[in-house]
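So the chains spell out like this:
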Amino acid sequence: MFAQPLKDLKHWMMTSTGGYVTNPFFIQLLLPVLAGRIAMNPKYKIIPDLQAQDCLTIHPNTAKQKNISALKKWFLRFGIQALEIKLKISSRLNENEMKLSIGVIESLRIPLSGRYEIRREGNEILIGPYIGILTASKKSSLDDSVQYLSNYLYDYDRIGGAIVAFSLEGMDPFKYTIEGYMFNPDTKEWEQGVYSYPAAVFKTIYLNKSWRNHFQTIFGNRLFNSYVFNKWEMYKWLSQASHLKQYLPETILYKKPEDLESFLNLHRQIYVKPLHGSMGERIFKVSKSEEHGLKLQYHQDGIPYEITFSNLFSLADFFKSQFKGKKYILQQALDLISFEEKKIDFRIVMVKDQAGVWNDMCMVAKYGQQGSIVTNILAGGTAEIGEITLQKIFGLSTEEVFKWRKEISRIVHEAAQRIEQCGVHCGNLGVDIGIDTQRRMWIIEMNNLNPSPLFALDIHDRPLFYRIKLLNMLYAKRLAGFPEV
């Protein structure tokens, strides 16, 4: 039954990746996406019941398929709320319809435009999925950006249910309501209103401890990405796993100027990085030499800078002024592979699917500007399909590229699992991998603050961009009570 979809997938891989990912390994990575397209649960339209009170009516075939009996006492759940209802079964309905009392619709604030799935869980009937996307702190920021969230819903039929976009400012933690925007699949528009709390939340912003406690109380493990870890936490957690420590450049948390001295004596070249940060900002490279003392290199607004310091204390004062009381790390500098004096590292995009399984979606090679110490694309770098880069730099055969890619994927999967063992619920990850001139692999950084899928567009693969976003929503669907079946 998968023959034609697999044929279509192979054709896409050949045309969009130069044939590098036609291996069975990569087909296996994307097979869950194909399988999901074939085996979809039926969707139901809600018909308002103008006569009955506190009542849900479904077709006999629906009752049989879902093992729902009218003789049992039921609660109807939508989002975090549930109401006791009476269940009726009627063949007068179409099989893709369910009838719901007006009072229930209003109490649970159920949008009628959605196409819902039905699932039984104990003595509850779940209507959903009802997914929230927390994408801003302020209402004004949400107002400006909500239309861009439609990228997550290009394949709404796979997701179904109700999708609400909201901000922290729009939340009422006492009434469990949110002022936000609900997606209307009929008009493809976002409709502003006041809605109930969803069943699961896909978070794309930072939360302070107070808000984290609130979301944990209400949603528990139905929120991702729950906690945004920093570079030092990542190093501590991964380095405690013996099978992963070998892939980590040595790193310490800066506390005093003497730390610079001891670390430079050990490594001669180091990076100084903020605990939090992205896009290559505030990253400094320090080199120690007998002739030139301490050389500092960094980029700002696309312009390279180089400063020489005569002693460690003046260098420490410089960092104090740059980080303004915030903590930072010292990290061993790696002799990464390069091409035409452009440093290269690789971004691996990891996304969970509706089955809760990590998918390695792609490997993108990031080339820094010529002579730059960072490889960030927004800082003037460029991108390329990672498999092509491996073959170009090392002169590998297709089979050798496949082995390299498989090993990289194994390491990244193990790192993702280790992060979750440390109490962080992730749904998507951006993992930066470095390969040095001795062909040794390194885990440089991991990002779980909604790492951007724009890397897919950097390698001219728009279908991949949408697949990443779709899997984000399908994982949220799983958390909302509708796992893959």
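Residues numbered from 1 in each chain as written. Predicted model: local features only at pLDDT ≥ 70, side-chain atom pairs only at ≥ 80, totals over all residues. Heavy atoms only, no water.

(A) Structural detail: the packing of helix α8 (residues 231-239) against helix α13 (residues 398-421). The geometry of α8 relative to α13 is characterised by a closest axis approach of 10 Å and an angle of 100° between their N-to-C directions. What the angle tells us is that α8 and α13 run roughly perpendicular. Seen from α8, the contacting residues are Met234, Trp237 and Leu238; seen from α13, they are Ala415, Arg418 and Ile419. Residue classes in the contact of α8 with α13 are distributed as five nonpolar, no polar and one charged. (Axes fitted to C-alpha atoms, helices over the stretch in contact; angles between N-to-C directions. Helix = DSSP H or I, 4+ residues; strand = E, 2+ residues; numbered from the N terminus. Parallel < 35°, antiparallel > 145°, perpendicular 65-115°, else oblique. Contact = heavy atoms within 4.5 Å. Nonpolar A, V, L, I, M, F, W, Y, C, P; charged D, E, K, R; others polar.)

(B) Quick peek at the nonpolar core. By size, the foremost hydrophobic cluster in this structure holds 42 residues, and its most contacted members are Ile443 and Met446. If you list the elements that add at least two residues to this core, you get α8, β21 (342-352), β22 (358-367), α12 (386-394), α13, β24 (428-435) and β25 (441-447). With eight residues, the single largest contributor to this core is α13. Not counting residues up to four positions away in its chain, the partners in contact with Met446 are Phe229, Met234, Leu238, Ala415, Ala416, Ile419, Leu429, Gly430 and Val431. (Core = buried A, V, L, I, M, F, W, Y, C linked by side-chain atoms within 4.5 Å. Buried < 20%, exposed > 50% of the residue type's maximum accessible area, 1.4 Å probe, protein only.)

(C) Examining the environment of Gly122 more closely. With respect to the helices and strands, Gly122 occurs in the loop between β6 (117-121) and β7 (124-128). On the accessibility criterion, Gly122 (47% relative accessible area) is partly exposed. Separated by 48 residues in sequence, Gly122 and Trp74 have C-alpha atoms that sit 9.0 Å apart. If we skip the residues at most four places from it in the chain, Gly122 touches Lys72 and Trp74.

(D) Here's a closer look at helix α11 (residues 312-323). Here α11 spans 16 Å end to end across 12 residues, near enough to the 16 Å set by a 1.5 Å rise per residue. All of the buried residues in α11 are Leu312, Leu315, Ala316, Phe318, Phe319 and Phe323. Each buried residue of α11 lies within a common arc of 155° when the element is viewed along its axis, so the set occupies one face. Exposed residues pointing more than 90 degrees away from the buried face of α11 are listed as Phe313, Asp317 and Lys320. Its buried side turned inward, α11 meets α10 (257-267), β15 (269-274), β16 (284-289), β17 (293-300), β18 (303-309) and β19 (328-332). With a side-chain oxygen lying 3.1 Å from the backbone nitrogen of Phe313, the N-terminal cap of α11 falls on Asn311. At the exit of α11 stands Lys324, carrying a positive phi of roughly 50°. (Expected span 1.5 Å × (residues − 1). Arc of directions from axis to C-beta. Polar contact = N/O pair within 3.5 Å; in protein donor to acceptor, adjacent residues only side chain to side chain.)

(E) Geometry of the sheet that holds β18. Taken together, six strands build an open sheet; the order of strands is β14-β19-β15-β16-β17-β18 and the sheet is antiparallel. With partners counted over all chains shown, the strands left at the sheet margins are β14 (251-253) and β18, one partner each. The sheet shows a mean angle of 25° between the axes of neighbouring strands, direction not considered. Of the pairings in the sheet, the one linking β15 to β16 comprises four bridges and is antiparallel in character. Bridge pairing in β16 links Tyr271 to Lys285. Strands β14, β15, β16, β17 and β19 of the sheet are contacted by α10, whose axis makes an angle of about 15° with β19. (Pairing = 2+ DSSP bridges.)

(F) A look at the sheet that holds strand β4 (residues 81-89). Spatial strand order, β1-β5-β2-β4-β3-β7-β6: seven strands in an open sheet with mixed pairing. Edge positions in the open sheet fall to β1 (45-49) and β6, since each of these has one partner strand only. For this sheet, the mean angle separating the axes of adjacent strands, direction not counted, is 35°. In the sheet, strand β2 (residues 55-58) pairs with strand β5 (residues 97-101) via three bridges, with the strands oriented antiparallel. Within β5, the position partnered with Leu56 by the bridge is Leu100.

(G) Structural context of the environment of Thr177. Looking at the secondary structure, you find Thr177 in strand β10 (residues 177-184). Each C-alpha atom of the pair Thr177 and Pro198 lies 9.1 Å from the other, and the pair is 21 residues apart in sequence. Those residues within four positions of Thr177 in sequence are excluded, and the remaining contacts are Arg109, Gly170, Met171, Asp172, Val194, Tyr195, Ser196 and Tyr197.

(H) Here's a closer look at the pattern of salt bridges. Applying the stated criterion across every chain yields a total of 19 salt bridges. Linking Glu84 and Lys73 is a salt bridge whose minimum nitrogen-to-oxygen distance equals 3.0 Å. Of this pair, Glu84 sits in strand β4 while Lys73 sits in the loop between α3 (60-66) and β3 (74-78); the two residues are 11 residues apart in sequence, bridging distant segments of the chain. Look at Glu84 and you get partly exposed, because its relative accessible area is 43%. Exposure remark for Lys73: the relative accessible area of 53% places this residue in the exposed category. Across the salt bridge formed by Glu121 and Arg119, the nearest N and O atoms sit 2.8 Å from each other. Given the relative accessible area of 26%, Arg119 is considered partly exposed. Look at the salt bridges and you will find they share partners, linking Asp345, Arg347, Lys366 and Asp432 into a network. (Salt bridge = Lys/Arg side-chain N within 4 Å of Asp/Glu carboxyl O.)

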